[in-house]
Amino acid sequence: MNRLIFQSNEELNKAGAGLIISLLHTKPNAVLGLATGRTPTGIYAELVKAYRRDAVRFDHCRTFNLDEYIGLPREHSESFFTYMEKHLFSQVNLSSSQTHLPDGSAADPHAEAARYDALLNSVGQIDLQILGIGHNGHIGFNEPSGALTSATHVVELDERTRQANARSFSSIDDVPTQAITMGIGSIMKAKTVLLVVSGEDKAEIVHRSLTGPITTQCPASLLQTHPSLIVMMDTAAAKLFR
Ligand code: F6R
C-alpha cells in the first residue's frame, strides 16, 4: 500500500489527476473506473484543466462508473450519469460510446446489473479504479453486511448513506433507496486502486479500514489485501495516521 498525505486539497487533486494523466500517456487505451460524490470532483476539474491546456487526451480510453441510483431518470439532476456529464464527460473528448454507467432507470434493475457485469467482464480488467469511501466504510455502494457480493448487483442503500447523500436532494425522502453497484470482485480485480479521502469526517473510517480487521462489516478494509493500492489523503483525513 502506498499512502500519500497532502497538505492541501489542491495538491491532492493535482496528484490524483496526475496519476490518471500518466496512465493515459503510457496506455492511451486504458480502462478507467470512476466514482462520483464530493471526493473526486477536484480531480475531475484538474483533468478538465489539463485537457484544455493539451496535457491529456481521452481518445482511446474507456470509463466504467462504480454505481448509479435506481429509479432516477438518467437526466435527473442528481443521477450519477448527470454528475459525470457535468464534471467530466462533456468537458473533455469523451464520447458516449466510451463511457459506461449502470442504467438506474432500466425496467429490470437485476437484468441491468447482469448486463453491466457482462460488459465489465468483457473488458477484462480496469487499469485504474478511483474510489471514495463512505462514513460506514462502503466502497462503490457495497454497504457493510455479513456477506459481500462479487459481481455487479442491486443494493439497498444504508440509511447513513442516504443521509450523507441527501445534501444534494431537496429532502431525504427524495433520495433513492436502492442502487446498482459494481461488486467487490470487479473493484478488487482492478490493476491499481486509487482511494481518495478528504476531510476530518473520514479520518476514523479510513484509519479503521486500512489498519483494522479485514471484515465485510467494513468493505473498504478488503482493500488492505489489494496488491496495488494507492491512498491519497488530505491532512485532515490522515490525522489518525500521524
Ligand atoms: C460514488 C461511490 C461512493 C462514494 C462515497 C463517498 O460513486 O461509489 O462510494 O465514493 O459515498 O462519497 P463522498 O465523496 O460524497 O463523500
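As shown above, the structure is provided for reference.
Residues numbered from 1 in each chain as written. Predicted model: local features only at pLDDT ≥ 70, side-chain atom pairs only at ≥ 80, totals over all residues. Heavy atoms only, no water.

1. Observations regarding the sheet that holds strand S9 (residues 192-197)
Ordered in space as S1-S10-S9-S6-S2-S3-S5, the seven strands form an open sheet in which the pairing is parallel. At either margin of the open sheet sits one strand with a lone partner, and together these are strand S1 (2-6) and strand S5 (99-100). For strand S3 (residues 62-65) and S5, the ladder comprises two bridges, and the chain directions are parallel. Across the sheet, Thr 63 pairs through a bridge with Thr 99, a residue of S5. Across the sheet, helix H1 (residues 9-26) lies against S1, strand S2 (31-34), strand S6 (128-131), S9 and strand S10 (229-234), angled at about 155° from S10, the strand it touches most. (Pairing = 2+ DSSP bridges. Helix = DSSP H or I, 4+ residues; strand = E, 2+ residues; numbered from the N terminus. Contact = heavy atoms within 4.5 Å. Axes fitted to C-alpha atoms, helices over the stretch in contact; angles between N-to-C directions.)

2. Section: the nonpolar core
It is characteristic of soluble globular proteins that their nonpolar side chains tend to be buried jointly. Counting residues in each nonpolar core, the largest one holds 41 residues, and the members touching the most others are Ile 20, Leu 34, Leu 47, Phe 58, Met 84 and Leu 88. Looking at this core, the elements with two or more residues in it are H1, S2, helix H2 (41-52), helix H3 (80-87), S6, S9 and S10. When residues no more than four places from it in sequence are discounted, the contact partners of Leu 88 are Leu 34, Tyr 44, Leu 47, Val 48 and Leu 94. The next biggest cluster of nonpolar side chains, apart from the first, holds 31 residues, and it includes Phe 64, Leu 131, Ile 205 and Ala 220. (Core = buried A, V, L, I, M, F, W, Y, C linked by side-chain atoms within 4.5 Å. Buried < 20%, exposed > 50% of the residue type's maximum accessible area, 1.4 Å probe, protein only.)

3. Description of the site of the ligand
Thr 39, Asp 67, His 138, Gly 140 and Arg 167 are the nearest of the 14 residues found near the ligand. His 138 is positioned such that a nitrogen or oxygen atom in its side chain is 2.7 Å from an oxygen atom of the ligand. Interatomic distance of 2.8 Å between a backbone N/O atom of Gly 140 and an oxygen atom of the ligand. Placement of the ligand is best described as lying within the largest pocket. Of the residues belonging to the shell around the ligand, the class tally is three nonpolar, seven polar and four charged. (Near = heavy atom within 4 Å. Polar contact = N/O pair within 3.5 Å; in protein donor to acceptor, adjacent residues only side chain to side chain. 1 Å grid on protein atoms, 1.4 Å probe; cavity = no way out; pocket = protein on both sides within 12 Å on 5 of 7 lines; lining within 4 Å. Sits in = over half its atoms within 2 Å of the grid points. Nonpolar A, V, L, I, M, F, W, Y, C, P; charged D, E, K, R; others polar.)

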